[in-house]
Amino acid sequence: GMNKLCYSKFSDCFYATSPAEHGIYKIWEDKDAQQWKIERYAGFNGTGYSEGDRLTDAKFNFPVGICADNYGNVLVTNQSNHTIFKIWLKTGRVEHVAGKYTEGWIQKPVIVGKPLESKFLNPSSIVMDEEENFFIPSMSGHEIHKYSIE
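Thresholds, definitions, all that
Residues numbered from 1 in each chain as written. Predicted model: local features only at pLDDT ≥ 70, side-chain atom pairs only at ≥ 80, totals over all residues. Heavy atoms only, no water. Helix = DSSP H or I, 4+ residues; strand = E, 2+ residues; numbered from the N terminus. Buried < 20%, exposed > 50% of the residue type's maximum accessible area, 1.4 Å probe, protein only. Contact = heavy atoms within 4.5 Å. Areas by Shrake-Rupley, 256 points an atom, 1.4 Å probe, with all protein chains shown as cover. Phe/Tyr/Trp six-rings, centres within 6.5 Å; stacked < 30°, edge-to-face > 60°. Salt bridge = Lys/Arg side-chain N within 4 Å of Asp/Glu carboxyl O.

Visitor: Describe in detail the overall build of the chain, supporting the description with residues and values.
Guide: Summing up its helical and strand segments, the chain has zero helices and twelve strands in all. Going residue by residue from the N terminus, the α and β elements of the chain occur as β-β-β-β-β-β-β-β-β-β-β-β. Within the chain, buried positions represent 47% of all 150 residues. Counting contacts in the chain only where the partners sit at least 6 residues apart, residues at least 24 apart contribute 36% of the total. Summed over its atoms, the accessible surface of the chain is roughly 7,800 Å², and 51% of this surface lies on carbon and sulfur atoms.

Visitor: Describe the packing of aromatic side chains, with residues and values.
Guide: What the rule picks out here adds up to six aromatic pairs. Taken together, a centroid distance of 4.9 Å and an interplanar angle of 55° make the contact between Tyr15 and Tyr41 tilted. Within this pair, whereas Tyr15 is found in strand E2 (residues 13–18), its partner Tyr41 is found in strand E4 (residues 35–43), the two being separated by 26 residues in sequence. By relative accessible area, which is 0% here, Tyr15 ends up buried. Residue classification places Tyr41 among the buried positions, given a relative accessible area of 3%.

Visitor: Tell me about the pattern of salt bridges, residues and numbers included.
Guide: What the rule picks out here adds up to four salt bridges. Its salt-bridge partner being Lys31, residue Glu29 comes within 3.4 Å of it at the nearest N-O pair. On the basis of relative accessibility, which here comes to 34%, the residue Glu29 falls in the partly exposed class. Assessed through its relative accessible area of 54%, Lys31 is described here as exposed. Among the salt bridges present, the one from Lys37 reaches Asp30, with a minimum N-O distance of 3.1 Å. On the accessibility criterion, Lys37 (29% relative accessible area) is partly exposed. Each of Asp12, Glu29 and Lys31 takes part in one network of salt bridges that share partners.

Visitor: Outline unusual backbone geometry, listing residues and values.
Guide: Look at Phe44: it is not a glycine, yet its phi comes out positive at around 65°. By the element assignment, Phe44 lies in the loop between E4 and strand E5 (52–53). Notably, His82 is not glycine yet its phi reads approximately 65°, a positive angle. With respect to the element layout, His82 can be found in the loop between strand E7 (74–78) and strand E8 (83–87). Classification of His82 as buried rests on a relative accessible area of 1%.

Visitor: Can you break down the environment of Thr56 residue by residue, with the values?
Guide: Among the secondary structure elements, Thr56 is positioned in the loop between E5 and strand E6 (63–68). Along the chain, Thr56 and Gly43 lie 13 residues apart, while their C-alpha atoms are 7.5 Å from each other.

Following this line, the structure appears as structure tokens:
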């Protein structure tokens, strides 16, 4: 798979996508044991589309792109259903925050300004600038979308 990695300054850890397993790993250094540890952080419940608790309910569909915001929340692109999920650090909930949910192939991305109404085309990356604007390229659409995601 084409997994990606990001660092969360807030949580002092890394997150990595595992597209084929439809999940997200957390990687951190256990300073007491002086070793690195890895654990399942979200998903791993089969492929699909489901919000809710990050470990028991959340279903991702080929998660690839990943980034963390300034508060430790994590944003993930679901490449195969064209959506962006947010994993809230404090509550452990996964929420659909951008991209119109669509199974299968989208012919042309449609940008309408509102995150949940926009159509992405196989979103494979997500990055954040210092003002917490998110940039999401459409892999097949040759475009980059800028969003303020609450």
